[in-house]
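Overview (structure and organization)
The chain contents come next:
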Amino acid sequence: MLPHPLLLPLRIIPGTIHAEVLARVFNHLLRGQPVATRLPEIEGKTVCIHIKDASSEIHFRIGNGRLQPAAAGHADVRISGTMQDFWLLATRREDPDTLFFSRRLCIEGDTDTGVHIKNLLDALDYDWESHFRAVLGETLGGAAFALIQRAVGRRIASH
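An account of the accompanying structure is given in this report. Remember, it's a predicted structure, so these values are computed and weren't measured experimentally.

Secondary structure summary: the protein chain contains seven helices and five strands in total. Starting at the N terminus and walking to the C terminus, you meet the elements of the protein chain as α-α-β-β-β-β-α-α-β-α-α-α. For the protein chain, whose C-alpha radius of gyration is 17 Å, the value lies close to the compact-globule estimate of 15 Å for 159 residues. Projected onto its principal axes, the C-alpha positions of the protein chain cover 45 × 40 × 30 Å. Buried residues in the protein chain amount to 37% of all 159 residues. Long-range contacts, defined here as pairs at least 24 residues apart, represent 62% of the contacts in the protein chain between residues at least 6 apart. Here the protein chain carries 18 positive and 18 negative side-chain charges, and the mean point of each set is 5 Å from the other.

Right, here's the structure in full:
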């Protein structure tokens with residue numbers, strides 16, 4: 001099997017840069033999503049994403065209901081796995097429960113926070129229409145979403 005194409009950048013670019021980029025992308029994608037309202041429940045917690053086959057760690061902190069880059073060091077929760085398993089999780093090609101219960105992704109540290117994060121991942125059912133409306137406003141977002149639906153020629157899942 002060929003190595004995952006993201007392994008090389010993860011190995012050579014510092015984790016702080018990955019944390020900054022991923023925090024911005026994650027926070028943008030969470031706009032308009034119901035799961036975003038549950039982030040304040042883990043306010044102040046730090047999370048380390050350890051990508052084993054890239055020997056890379058990316059550190060985040062939950063602050064003001066958003067993901068923020070954090071310095072390497074203590075983490076309340078550490079989630080470890082291979083790039084392929086994180087990719088399957090991110091693209092929803094594999095159910096979070098399957099990845100965690102089969103120990104392909106492992107959670108260490110504060111059990112309550114770890115379970116909360118796993119439950120957030122499990123509850124994520126991306127709503128593109130809500131995202132467009134949150135980012136562009138009700139009228140423009142609704143029109144943009146309808147235009148994209150017509151352009152792709154099929155219904156984009158809205159729930």
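Enumeration over the complete set of coordinates arrives at nine salt bridges. Taking the shortest distance from any N to any O, the salt bridge between aspartate 110 and lysine 45 comes out at 3.5 Å. Taken together, the positions of aspartate 110 in the loop between β5 (106-109) and α5 (111-123) and lysine 45 in the loop between α2 (15-29) and β1 (46-51) put the pair 65 residues apart, joining distant regions of the chain. Take aspartate 110: its relative accessible area is 28%, and that puts it in the partly exposed class. When its relative accessible area of 27% is taken as the criterion, lysine 45 is described as partly exposed. We note a salt bridge from glutamate 129 to arginine 133, for which the minimum N-O separation is 3.0 Å. Placement of both glutamate 129 and arginine 133 in helix α6 (residues 128-136) is noted, with a separation of four residues, approximately one turn of the helix. Here the salt bridges do not stand alone but share partners, grouping Glu57, Arg78 and Glu108 into one network.

Conventions adopted
Along each chain, residues carry numbers from 1 onward, in the same order as the chain's sequence is written. In keeping with the model being predicted, local features are shown solely for residues with a pLDDT of at least 70 and side-chain atom pairs are shown and tallied solely at 80 or more, while totals for entire chains, interfaces and linings include all residues. Where side-chain values are given, they derive from all heavy atoms of the structure, hydrogens and water being excluded. For the purposes of this entry, the term helix denotes a DSSP run of H or I that reaches at least four residues, the term strand denotes a run of E that reaches at least two, and both are numbered from the N terminus. In this treatment the radius of gyration is a C-alpha quantity, and the globule benchmark scales as 2.2 Å times the residue count to the 0.38 power. Between buried and exposed lies partly exposed: a residue is buried under 20% and exposed over 50% of the maximum accessible area for its type, with that area taken using a 1.4 Å probe on protein chains only. Contact between two residues is taken to exist if any of their heavy atoms lie within 4.5 Å; hydrogens are not considered. Positive charges come from Lys and Arg alone, negative charges from Asp and Glu alone, with His and the N- and C-terminal ends not counted. For this purpose, a charge sits on NZ of Lys, CZ of Arg, CG of Asp or CD of Glu. When a carboxyl oxygen of Asp or Glu lies within 4 Å of a side-chain nitrogen of Lys or Arg, that pair is called a salt bridge.

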